[in-house]
Amino acid sequence: MAVKVIIPTPLRAYAGKQESLEVEAATVGEALSALTRRFGELKKHLYADDGRLRSFVNVYVNDEDIRYLEKDQTHLREGDTISIVPSIAGGRRH
Amino acid sequence: MATKIGIPATPAAAKAAPALSKDEVLRYSRHLIMPEVGMQGQLKLKQAKVLLVGTGGLGAPLGLYLAAAGVGRIGLVDFDTVDYTNLQRQVLFGTSDVGRPKIEAAAGHLRNLNPEIQVDQFETRLTSENALDILRDYDIVVDGTDNFPTRYLVNDACVLLGKPNVYGSIFRFEGQITVFGYPGGPCYRCLYPEPPPPGLVPSCAEGGVLGVLPGIVGTIQAAETLKLIIGVGEALIGRLLLFDALSMTFRALKLRKNPECPVCGEHPVVTKLIDYAEFCGIRGEETPVSDTTTTVPEIAPRELKARLDRGDDLFILDVREPHEYQICNLEGTLIPLGELSRRVNELDSSREIVAHCRSGKRSAEAVEFLRKAGFRKIWNLKGGILAWSDEVDPSVPKY
């Protein structure tokens, strides 16, 4: 299944500066794996050391949060859009 | 999702039936001739009390539009002073305000814009100790802050007090807007149970914000606030609006109340305000996130200048981004930190190397990395190009 993944601004630096890209995957987990295989650096920004999605990063299929679907196992349909939505706070320099 | 909105009428609002003066009728006439607002809506605005946390990029358009619209009482919370870097986006302030407390400049501007309203000033940092007392008097809280600890503090305080929290946040070209804390609706912790650890927050190299972005996001927050007060339309309750100024797109995602939310869920474990700096992994405001800056060998700006003047053979390595190099540079060789690992072969480990960035943080990481890679004659320029400007060459611009 070809699906579109929208990369948020803070993570574009780790994804070849792309706003969105297409991957072939049957589930959300597969789509994110395909993404992190292509962009190794992205992995630590998406997953904690225990392999779970980080709690300040949410993943949506179309407009639905995968935490309320079947999480990583959420099935994809041709043309679905996956959005990665990390929390952003504002302008303060850290 | 059609959520019936509106703020609960306070006892004071129920008994007082204020009317608009002749001047106010004239001032608000473009509201009054719209049936969706009308006299009833305008009186609701006049009786409304809204607290703005932060008077920066988001607070500026919020303050301006809420004051102009006739929100009867506007509270402002900020502890900062206006500086030159604010003027690119914080349109409440002018050049003559630089150095003034933001709250004073903002309140003066809003009172001038609309003398009919009351502006309350809280010149303080919002803390776990004062938040409930400050928020308690207001109907709606608007979050225009710029950091995670304050956002979690505002969220928890709003949930504990049962007040809507009109949320907006920005990063570079992108914004997120929603309404948290509305009775029955989700809160910030339903969306993001925890903040990012400080090390993963984008560094200053990737930061920055398009000047107009907080204007767009702040005016959307203002629109939501006005809708909540007047009780019209569908508020962004249970919807997260994402805005991207580069592609110029808006997308709305569903936002659900998490039954297991630690603060607004069925069995809340957070029942009072906590230490939010600790929660966000930050100990002390100025403490660097990693200890790298203090553990790598350093060279002070004046010492570097003296050695360069002596004609010592030093290789200056600038690990900032190309667009930063264009702002100012020390004529060093540019290899951005993110490219260092694959371009390390461009460096000669037999030469003495001084690495620098803007403030010394990224170059400390570079020095640590290169030391691990076997480089021994390498130093970090203490305080970066900012310190160089302060201590050696004031003609180098700071940014």
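Residues numbered from 1 in each chain as written. Chains lettered and ligands numbered in written order. Predicted model: local features only at pLDDT ≥ 70, side-chain atom pairs only at ≥ 80, totals over all residues.

Undergrad: Sorry if this is basic, but what is going on with the interface of chain A and chain B here?
TA: A common way to express how large an interface is: the accessible area buried when the components associate. Counting residues at the interface gives 24 residues for chain A, matched by 35 residues for chain B. For the side of chain A that touches chain B, a count of residues per class yields 9 nonpolar, 9 polar and 6 charged. (Contact = placed C-beta atoms within 7 Å. Nonpolar A, V, L, I, M, F, W, Y, C, P; charged D, E, K, R; others polar.)

Undergrad: Help me understand unusual backbone geometry in this model?
TA: Leaving glycine aside, a negative phi is the common case for residues, and trans is the common case for peptide bonds. For N62(A), which is not glycine, the phi dihedral falls at a positive 55 degrees. Looking at the secondary structure, you find N62(A) in the loop between strand 3 (57-61) and strand 4 (64-65). On the neighbour-count criterion, N62(A) (15 C-beta atoms within 10 Å) is partly exposed. The residue R172(B) is not glycine, and still its phi comes out positive at about 60 degrees. Residue position: R172(B) is located in the loop between strand 5 (165-171) and strand 6 (174-180). (Helix = DSSP H or I, 4+ residues; strand = E, 2+ residues; numbered from the N terminus. Buried ≥ 20, exposed ≤ 12 C-beta atoms within 10 Å, placed from the backbone.)

Undergrad: Explanation requested: the nonpolar core in the structure shown.
TA: Counting residues in each nonpolar core, the largest one holds 98 residues, and the members touching the most others are V50(B) and I74(B). At 8 residues, helix 10 (residues 213-230) of chain B tops the list of elements feeding residues into this core. (Core = buried A, V, L, I, M, F, W, Y, C linked by C-beta atoms within 7 Å.)

Undergrad: Teacher, can you tell me more about the sheet that holds strand 5 (residues 81-86) of chain A here?
TA: One key point about sheets: their strands pair by backbone hydrogen bonds, in either a parallel or an antiparallel sense. All names here are of chain A. Strand order in this open sheet of 5 strands is 2-1-5-3-4, and the pairing throughout is mixed. Every interior strand has two partners, whereas the edge strands, strand 2 (20-24) and strand 4, have only one. Strand contacts of helix 2 (residues 28-38): strand 1 (2-6), strand 2, strand 3 and strand 5, with the helix running at about 115 degrees to strand 2, the strand carrying the most contacts. (Pairing = 2+ DSSP bridges. Axes fitted to C-alpha atoms, helices over the stretch in contact; angles between N-to-C directions.)

Undergrad: Is there a simple way to think about the environment of A48(B) in this case?
TA: Residue and element names in this part refer to chain B. Along the polypeptide, A48 turns up in the loop between helix 4 (38-47) and strand 1 (49-53). The exposure class of A48 is buried, given the 26 C-beta atoms found within 10 Å. Excluding residues within four positions of it along the chain, A48 makes contact with V71, G72, D139 and I229.

Undergrad: In this structure, what is going on with the pairing of strand 8 (residues 249-254) of chain B? I would like to understand it.
TA: In summary, the side chains of a regular strand alternate between the two faces of the sheet. All names here are of chain B. Here strand 7 (residues 239-244) runs beside strand 8; their pairing, made up of 6 bridges, is antiparallel. Within the sheet, the bridge partner assigned to F243 lies in strand 8 and is F250. Counted along the chain from strand 7 to the antiparallel partner strand 8, the turn is 4 residues long, and its residue M248 has a positive phi close to 50 degrees.

Undergrad: Help me out: how do you make sense of helix 2 of chain A in this one?
TA: Since there are 3.6 residues in each turn of an α-helix, residues three or four apart along the chain are aligned in direction. Residues and elements named next belong to chain A. Burial in helix 2 covers these residues: V28, A31, L32 and L35. The buried side chains of helix 2 occupy one side of the element, clustering within an arc of 95 degrees when seen end-on. Buried positions along helix 2 lie against strand 1, strand 2, helix 3 (42-46), strand 3 and strand 5. (Arc of directions from axis to C-beta.)

Undergrad: What is the right way to look at the pairing of strand 7 of chain B in this model?
TA: Pairing of strand 6 of chain B with strand 7 of chain B involves 4 bridges; the strand directions are antiparallel. When the bridges of strand 7 of chain B are listed, E174(B) appears paired with D244(B).

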